[in-house]
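Observations on chain architecture
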Amino acid sequence: MRVIGLMSGTSHDAIDAAAADLTLDGDSLVLTPLGLVSETWSGELRAALTAALPPATTTMKDVCRLDTRVGQAFAAVAVRANRELCADRADLITSHGQTVHHWTENGRVHGTLQIGQPAWIAEATGCPVVSDLRTRDVAAGGQGAPLVSIVDVMWLRGRPGVPVALNLGGIANITVASGRREPVAFDTGPANALIDAAVRDLSDGRMDYDADGALAARGSVDAPLLRQLLDEPYYAEPPPKTTGKELFHLPYLRAALGGRGPLPPEDVVATVTQLTARTVADAVRSVQATEVIVSGGGTRNPTLMTMLRTALRGIPLRCSDELGLPSAAKEAYAFAVLGWLTVHGLAGTVPACTGARHPSILGSITPGSRGLRLPEPRERALFRLEISPR
Ligand SMILES: Nc1ncnc2c1ncn2[C@@H]1O[C@H](COP(=O)(O)OP(=O)(O)O)[C@@H](O)[C@H]1O
Ligand SMILES: [Mg+2]
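The residue count restarts for each chain, going from 1 along the sequence in the order it is written. Whichever chain is written first is A, and whichever ligand is written first is 1; the rest continue in order. Totals for whole chains, interfaces and linings use all residues, but because this is a predicted model, local features are given only for residues with pLDDT of at least 70 and pairs of side-chain atoms are given and counted only at 80 or more. The basis for the side-chain values is all heavy atoms of the structure; hydrogens and waters are excluded.

Observations concerning the site of ligand 1
One heavy atom suffices: a residue is near a molecule or strand as soon as one of its heavy atoms comes within 4 Å of it. Around ligand 1, 18 residues are found, and the nearest of them are S11, G170, D196, D212 and G297. Counted as a polar contact is a pair of N or O atoms within 3.5 Å, where, for protein atoms, one must be capable of donating a hydrogen and the other of accepting one, and residues adjacent in sequence contribute only when both atoms are in side chains. Within the side chain of D13, an N or O atom sits 3.0 Å from an oxygen atom of ligand 1. In this structure, D212 approaches ligand 1 through a main-chain N or O atom, which is 2.8 Å from a nitrogen atom. Three residue categories are used. Nonpolar comprises Ala, Val, Leu, Ile, Met, Phe, Trp, Tyr, Cys and Pro, charged comprises Asp, Glu, Lys and Arg, and polar comprises the others, including Gly. Considering only residue class, the shell around ligand 1 consists of three nonpolar, ten polar and five charged.

Right, here's the structure in full:
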């Protein structure tokens, strides 16, 4: 089955579409990567989206417009991916949509909202679409995140020791995927969220991120600011736990900077980059990891990667590419797998990872142009995800 996974994370840098050929082999699911197409958000739509996000307030009219326009933008990328990667023969699309709110209170998730109407994607491609994957896990008492955890567990649990998958998007999340103990997954805190916020603010909007970690490399870590940021209670909370840009946004950083004299911009960027490295490494060490397999846009920031390597004190850090999953596309491939699980009647969650009462078959399904014909539900869960080279 050819499946396209559509993903845009909290960084809203781009809409990523990864296509995968997925085939069953006994109790294994074999994923052959077919490639990635990625489209940066139009400046205007991105601005409209970020203007509506917390801590800002918005109106239902704007939510309706954004839901429509994000759905259309996802549809355009899906059409491209289908044409360029699948010869127009994709069987299924999974769309994560764009998270606009993750409602957490006292460590519990009460709701989560991903927008981007799947009807536009089904209309433009003719393919059935699995969307809205997080809410079912929330309804089962879970955090609705990190949803990639089941894919990480299927992928890595055969490896020796305690492998940990790490994704450095806007937020950093890890999955402890050892086959010898109960898996765990949680958001460790910010990955790029505060770096991007600092760079955008300090450059008056001229820069969206710290390209190649150049600013952070020129700056020095400000120890008092780092200590204050590390005092954030989220880091000490026990897993399962999730967070987002509802917490780690520009006003949050400004509040931390508020009490101090002016700092050189590159020192602020160096400090928030070190904050990511420190909080990720602390989380990784707390689960006795023996290796870390990293993916996401943060892998393209060499300063962050160097700080992280140092903070990991000898725990090997490998890029997911080394294991066959291109790091820029890993989350999109993971969502392709989640949609595949759904249409095969298989659960897409590991309760120990999301904190849910039980595993759930995720998502809502929008029929394609030829109606909806689902495969016979599989009785038995799958144990392994194998990545096969093309
Ligand atoms: N060349 C680069 N140098 C430094 N940072 C980069 C580079 N490319 C991407 N990034 C960072 O990666 C982020 C996007 O990562 P991504 O994995 O797509 O996150 P998300 O899942 O939140 O969209 C950007 O916002 C930026 O901070
Ligand atoms: Mg992204």
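Read on, since the account is not over.
Considerations on the side chain of T112
With respect to the helices, strands and loops of the structure, T112 is situated in strand β6 (residues 108-115). Remark: exposure states derive from per-residue accessible area (1.4 Å probe, protein chains only) relative to the maximum for the residue type, with buried under 20%, exposed over 50%, and partly exposed in between. A relative accessible area of 9% means that T112 is categorised as buried. There is a polar contact of 2.9 Å between the side chain of T112 and the side chain of H102. A distance of 2.9 Å separates the side chain of T112 from the side chain of Q114, its partner in a polar contact. Note on contacts: a residue pair qualifies if any of its non-hydrogen atoms lie within 4.5 Å across the two residues. Excluding residues within four positions of it along the chain, T112 makes contact with H101, H102, R134, T135 and V138. Strands are runs of DSSP state E lasting at least 2 residues, helices are runs of H or I lasting at least 4, and numbering of each runs from the N terminus.

Observations regarding helix α2 (residues 60-86)
Residue pairs spaced three or four apart in an α-helix point in one direction, given the helix's 3.6 residues per turn. With 27 residues, α2 ought to run about 39 Å at 1.5 Å a step, and its terminal C-alpha atoms sit 37 Å apart, in line with that. Of the residues flanking the end of α2, it is A87, one or two places downstream, whose phi is positive at about 50°. To estimate how far a helix should extend, the number of its residues minus one is multiplied by 1.5 Å.

A closer look at the packing of helix α5 (residues 149-156) against helix α12 (residues 330-343)
The contact between α5 and α12 brings their axes to 9 Å, and the two run at 95°. Classed by the angle they form, the pair α5 and α12 counts as roughly perpendicular. Within the contact between the two elements, α5 uses I150, V151, D152 and W155 and α12 uses K330, A334, V337, L338 and L341. Of the residues belonging to the contact of α5 with α12, the class tally is seven nonpolar, no polar and two charged. As a rule, the C-alpha atoms of each element are fitted with a line to give its axis, helices using only the stretch in contact, and angles between N-to-C directions run from 0 to 180 degrees. In what follows, roughly perpendicular refers to angles from 65 to 115 degrees, roughly parallel to angles under 35, roughly antiparallel to angles over 145, and oblique to any angle outside these ranges.

Notes on the sheet that holds strand β11 (residues 291-295)
Taken together, the five strands give an open sheet; going across it, the order is β10-β9-β8-β11-β12, and neighbouring strands pair in mixed fashion. Either end of the sheet is taken by a strand with one partner, and the two such strands are β10 (184-190) and β12 (317-319). In this sheet, adjacent strand axes meet at a mean angle of 25° when their direction is disregarded. Pairing between two strands is assigned when DSSP locates at least 2 bridges connecting them. Bridge count for strand β8 (residues 163-168) against β11 is five bridges, and the pairing is parallel. Bridge pairing links L166 to V294 in β11.

A word on the layout of surface pockets
The pocket and cavity definitions rest on a 1 Å grid over protein atoms only: a 1.4 Å probe that fits but cannot leave marks a cavity, an open set with protein on both sides within 12 Å along at least five of seven lines marks a pocket, and residues lining either have an atom within 4 Å of a point. Grid points are joined across faces, edges and corners, and a volume is the space filled by probe spheres set on the points. Volume-wise, the second largest pocket comes out at about 460 Å³. Together, 22 residues line the second largest pocket, and H12, T50, R200, K245 and L250 are the ones closest to its centre. Secondary-structure elements contributing two or more residues to the lining of the second largest pocket are α1 (43-52), α6 (193-202) and α9 (250-258). Of the residues contributing to the lining of the second largest pocket, the split by class is twelve nonpolar, four polar and six charged.

Some thoughts on the pattern of salt bridges
What makes a salt bridge here is a side-chain nitrogen of Lys or Arg within 4 Å of a carboxyl oxygen of Asp or Glu, nothing more. What the rule picks out here adds up to 15 salt bridges. Notably, a salt bridge pairs D282 with R278, separated by 3.9 Å at the nearest N-O pair. Residue D282 and its partner R278 are located together in helix α10 (residues 265-286), separated by four residues, close to a single helical turn. Under the relative-accessibility criterion, R278 is labelled partly exposed at 33%. Several salt bridges converge on common partners, so that one network encompasses E39, R80, R83 and E84.

None of this, on its own, says anything about what the molecule does.
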